[in-house]
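Listed below, chain by chain, are the residues.
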Amino acid sequence: QVQFVESGGGLVQPGGSLRLSCAASGSIFSTYVMAWYRQAPGKQRELVATITSGRSTNYADSVRGRFSISRDNAKKTVYLQMNSLKPEDTAVYYCNRAVDLARVSPSWGQGTQVTVSS
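What comes next is a walk through the structure. All values derive from a computational prediction rather than experimental measurement.

### Overview of the sheet that holds strand β9 (residues 91–97)
Sheet architecture is open: six strands sit in the order β2-β10-β9-β4-β5-β6, paired in mixed fashion. With one partner strand each, in any of the chains shown, β2 (10–12) and β6 (57–59) form the two edges of the open sheet. Across the sheet, the mean angle from the axis of one strand to that of its neighbour is 25°, orientation sign disregarded. In this structure, β2 lies alongside strand β10 (residues 112–116), joined through three bridges in parallel fashion. Across the sheet, Val 12 pairs through a bridge with Val 116, a residue of β10.

The following block contains the structure:
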């Protein structure tokens, strides 16, 4: 069983930056396709970015060019660098293995709150 712990969220002004971290347990982290998700109040959880074991990445159109996902397999950690933040980025951010949320309901960690407000 794998566990993920998110950190790094906070309150920032529009245009600011944050870096989120996701620490994973388990011995097979390096084989996973990892993802960041977010959920805003009253909204469905949505996929933000993915990164494969080969470090290929994909991004939601809403964050492409502003966010960057990366991983350090030695540290069993996934990062999300968020730049040029907008109020619509406000959400709780979660990391997990990449899954189809229409079919799979994985176990979620506590997440980390990101609030973008003037």
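Additional details are given in the paragraphs that follow.
### A short note on the nonpolar core
By size, the foremost hydrophobic cluster in this structure holds 27 residues, and its most contacted members are Trp 36, Leu 80, Met 82 and Tyr 93. Within the residue set of this core, elements represented by two or more residues are β3 (18–24), β4 (34–39), β5 (46–51), β7 (67–72), β8 (77–82), β9 and β10. A total of four residues in this core trace back to one element, the largest contributor, which is β3.

What counts, and where the lines are drawn
- Residues numbered from 1 in each chain as written.
- Predicted model: local features only at pLDDT ≥ 70, side-chain atom pairs only at ≥ 80, totals over all residues.
- Heavy atoms only, no water.
- Pairing = 2+ DSSP bridges.
- Helix = DSSP H or I, 4+ residues; strand = E, 2+ residues; numbered from the N terminus.
- Axes fitted to C-alpha atoms, helices over the stretch in contact; angles between N-to-C directions.
- Core = buried A, V, L, I, M, F, W, Y, C linked by side-chain atoms within 4.5 Å.
- Buried < 20%, exposed > 50% of the residue type's maximum accessible area, 1.4 Å probe, protein only.

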